[in-house]
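Residue-level listing of the chains:
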Amino acid sequence: MMPIYLYNTLTRQKDIFKPLKDKRITLYTCGPTVYSYAHIGNLRTYVFEDLLKRVLMFNGFKVKHLMNITDVGHLTSDADTGEDKIEKEAQKEKKTAWEIAEFYTKAFFDDIKKLNIIKPTLVKKATNFIKEDIELIKALEKNGFTYRTSDGIYFDTSKLKDYGKLTGMDFKTLNQTLKAGSRVEFSLEKKNITDFSLWKFSPKNAKRQMEWESPWGIGFPGWHIECATLNLKFLAQAFRGKQLVPEKAQTIDIHCGGIDHIPIHHTNEIAQVEAVTKKPFVNFWLHGAFLTIKEGRMGKSEGNVVLLNDLIKQGFSPLSYRYFLSTAHYRTPLDFSFEALKSAQESLNNLYEFVYNLLWDLKYNKNKKNIKTNKKLLNEYHLKWLNAINDDLNIPRALSILWQLINDYNTKSKEFNPKDVYQLILKWDQVFGLDLKRIKIIKTTQKVKKLLKEREKFRRDKNFQKADEIRNQLKEMGYLIEDTHFGTKIKPLSFIQYDEYYSSR
Ligand code: AMP
Ligand code: ZN
């Protein structure tokens, strides 16, 4: 088996990935805060995580993938100040917080389905595990990591020996860096700027929709605790029923998110878990870079978001966006523009067309379908490709290898049987996720068949003007005609809107 290298934020280098236990990998990815539609920047992170999962699966691993749904506790500032994003949206839309969460959770899953992202094995809503959150906070309290302020129970980050290790900074430098950063406000009652809320009290003067009883008072969990709780419960197996048994906790193989989560959210997940289990929480941490727009981060607070539905409304297919994302490595910032997306869509269309041509050759091209493939050459291609995907998910390189193969197929006419190339490309698509298998030779209606026959006759009679008229007529109907040595090839005008050839014709 070829080794898989992954860049581990914790070690700051590419390490060989080895599962902690047999072939079943535990993978946690932080899910959406469901107070609005995910923007295409958020979706970049979910596509990166999907590619990671597909690479692991391609290498023969089973992946137990857990994702949370943040439906409570994420405040407008990552530093425990401001309003709860979901409660705020509920007021704005005049709905309940629960309705908001349900609506945007559904919208999120619609989006990821359109992007051909494999659904996680387990999806868990934060609000369903408040009792477990309380158990975890109690264990932290018992171990001496908590203190109380007027607005909640806080984690004292100075008490944990290696707090902040994910950032590569020591405690003092991390505190200074966060203080200098404009995004983090410092509440006077906090002992250290890095301290974070575990449990927030409901405000005295206003009633929250989402609140629960706890040993410390009515309130709601802090944002970071849900991921710690869910990891401990479903992946680390540290709960017996609702009872936390920290010494039973197992280390998790991989945890991912966007790079913005390194200094606060993921750092705090580590702190909470390791303060009770006293063992490493996660073996590999992977982080995806931002999608930018005009070089600046795409984000809701930046006011520059684009949604997947905006792309669809402008005639782009979600998989063209997936293709666009695949052209950059996940650790490199990627700048979004409609021009760049347009060229990605053209490339994807060409790729679909190539798959179509393969199927056509297989069926009708006598020269091609009888070739014995140069297996050595094809295998070299596969090894190069595998090397790319296993080299810290180098999907752009894997894509360029695919295009080299396409070029070779088109130019080295004696080397490849279309069937073998088709099979290999479909296998590769288990990782790319571009749904290449949807391409089938189109079925022609009686009307089209009749027109093709008439055109053939005009051609035989050398009446090229009439033949061209029929070609134009077919074009208007959405078909392209190409005359080959092996008869007339008919194909759709666009492979992007290609499904319509089945649904409406
Ligand atoms: P949120 O719903 O705000 O918790 O964000 C969901 C995910 O999207 C997180 O993993 C973020 O790190 C990630 N994210 C946010 N903005 C961007 C962006 N512009 N590009 C890529 N990922 C992002
Ligand atoms: Zn998380």
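As shown above, the structure is provided for reference.
Overview of the structure.

Rules used in this analysis
Residues numbered from 1 in each chain as written. Chains lettered and ligands numbered in written order. Predicted model: local features only at pLDDT ≥ 70, side-chain atom pairs only at ≥ 80, totals over all residues. Heavy atoms only, no water. Near = heavy atom within 4 Å. Polar contact = N/O pair within 3.5 Å; in protein donor to acceptor, adjacent residues only side chain to side chain. Areas by Shrake-Rupley, 256 points an atom, 1.4 Å probe, with all protein chains shown as cover. Pairing = 2+ DSSP bridges. Helix = DSSP H or I, 4+ residues; strand = E, 2+ residues; numbered from the N terminus. Contact = heavy atoms within 4.5 Å. Axes fitted to C-alpha atoms, helices over the stretch in contact; angles between N-to-C directions. Buried < 20%, exposed > 50% of the residue type's maximum accessible area, 1.4 Å probe, protein only.

1. A few points about the site of ligand 1
Part 1 of the argument: The local shell around ligand 1 holds 16 residues, among which Gly 41, Thr 45, Asp 260, Leu 291 and Met 298 are the closest.
Part 2 of the argument: Taking Thr 45, its side chain carries an N or O atom lying 2.7 Å from a nitrogen atom of ligand 1.
Part 3 of the argument: Gly 258 has a polar backbone atom sitting 3.1 Å from an oxygen atom of ligand 1.
Part 4 of the argument: Isolated, ligand 1 exposes 490 Å² of accessible area, and the fraction of that covered by the protein chains is 93%.

2. Some remarks on the sheet that holds strand 14 (residues 291-293)
Part 1 of the argument: The mixed open sheet is built from 3 strands, whose spatial order is 15-14-16. With partners counted over all chains shown, the strands left at the sheet margins are strand 15 (296-297) and strand 16 (334-336), one partner each.
Part 2 of the argument: With 2 bridges connecting them, strand 14 and strand 15 associate as antiparallel partners. Its bridge partner being in strand 15, Thr 292 is matched across the sheet by Arg 297.
Part 3 of the argument: Packing of helix 9 (residues 318-326) onto the sheet brings it into contact with strand 14 and strand 16, and relative to strand 16 it is tilted by some 145 degrees.

3. Description of helix 2 (residues 85-93)
Part 1 of the argument: Buried within helix 2 we find Lys 85, Ile 86, Glu 87, Glu 89 and Ala 90.
Part 2 of the argument: On its buried face, helix 2 is in contact with helix 3 (97-114).
Part 3 of the argument: If you check the start of helix 2, you find a side-chain oxygen 2.9 Å away from the backbone N of Ile 86, and it comes from Asp 84.
Part 4 of the argument: Two residues or fewer after helix 2 comes Lys 94, characterised by a positive phi angle close to 55 degrees.

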